[in-house]
Amino acid sequence: MSTLAFAVSDSMTMLRRNLKHALRYPSMTISVVLMPVMMLLLFNYAFGGALGAGIAGAPTGGGKYIDYVAPGIILMTATAGAVATAVGVCVDMTEGIVNRFRTMSISRAAFLTGHVVGSVIQTLVALALVIGVALAIGFRPNATAVEWLAAAGLLTLLTLALTWLSAGIGMVARTPESASNTPLPLTFLPFLGSAIVPTDSMPTGLRWFAEYQPFTPAIETLRGLLMGTTIGNSGYIALAWCVGLTLVGYVWARRSFGRSAKR
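These notes cover the structure that comes with them. (Residues numbered from 1 in each chain as written. Predicted model: local features only at pLDDT ≥ 70, side-chain atom pairs only at ≥ 80, totals over all residues. Heavy atoms only, no water.)

**As for the overall build of the protein chain**
Part 1: The helix and strand inventory of the protein chain stands at 12 helices and 0 strands.
Part 2: The burial tally for the protein chain puts 48% of its 263 residues in the buried class.
Part 3: The long-range share in the protein chain, meaning contacts at least 24 apart out of those at least 6 apart in sequence, stands at 81%.
Part 4: As displayed, the protein chain offers around 12600 Å² of accessible surface, 67% of which is attributable to carbon and sulfur atoms. (Helix = DSSP H or I, 4+ residues; strand = E, 2+ residues; numbered from the N terminus. Buried < 20%, exposed > 50% of the residue type's maximum accessible area, 1.4 Å probe, protein only. Contact = heavy atoms within 4.5 Å. Areas by Shrake-Rupley, 256 points an atom, 1.4 Å probe, with all protein chains shown as cover.)

Set out below in structure tokens:
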């Protein structure tokens, strides 16, 4: 068996292990779905009337606020999965199972790969559920099949980027509690973008931050794909952020794993 085939086989074994853990202990996976759904219901039913009335040029031509906020909340689901990834990696690192893996004849890349791929799968399932809830409460995208595929690709790439970044956080966290707290800014950063209201309505300093942080171009691209609004150069910027964050997270996680083996 070649080195590549050996690594793929071991990564699949680790993937099955992580998916079985998710099925046996579903609380973290449920929380990934529950928080975005609660946000969606809260902003649609509690604040939708006031916020929707103040948004000029709504995506449906002055229509429902749900059509504006749903793409932002859907994207937030990808950020919510970051907490589960960091906690899962940290638990394995602190409970000593990784030391056991190192004594076995398995690929060194399999541990992180299994965690990342497993977390991406769980987050994509959560995304599908949140989209289903959004459709049930009135979200009406006008995207074509190709635009839906492009939106799915963007969400998958963003999920992969955040998962690798969270894996690095889990590698350096000393306790599962700190691993669960550190990624929280990622979860709420879309609020400081265009997820809830347009950046034009923000004060100057906050507007500058909102326009140049990584989630705003991703939200605008997703909203444009699903609702037909103008995307402009947001698509290229979103892809650049996703690729950059993926590389940073991958290098950070792999180097942290290598350093932990020398302790």
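Don't stop here, the text continues.
**Observations concerning the packing of aromatic side chains**
Part 1: Following the criterion strictly, the structure yields 5 aromatic pairs and no others.
Part 2: Seen in terms of ring centroids, F43 and F191 are 5.8 Å apart; in terms of plane orientation they differ by 40°. Their pairing is tilted. With F43 in helix α2 (residues 27-46) and F191 in the loop between α9 (184-188) and α10 (204-212), this residue pair connects regions lying 148 residues apart in the sequence.
Part 3: Classification of F43 as buried rests on a relative accessible area of 11%.
Part 4: You can call F191 partly exposed: its relative accessible area is 22%. (Phe/Tyr/Trp six-rings, centres within 6.5 Å; stacked < 30°, edge-to-face > 60°.)

**Thoughts on the pattern of salt bridges**
Part 1: Inspection of the entire model under this criterion finds 1 salt bridge.
Part 2: Among the ionic pairs, E220 bridges to R223, the shortest N-O distance being 3.0 Å. You can see E220 and its partner R223 sitting in helix α11 (residues 215-227), 3 residues apart, about one turn around the helix. (Salt bridge = Lys/Arg side-chain N within 4 Å of Asp/Glu carboxyl O.)

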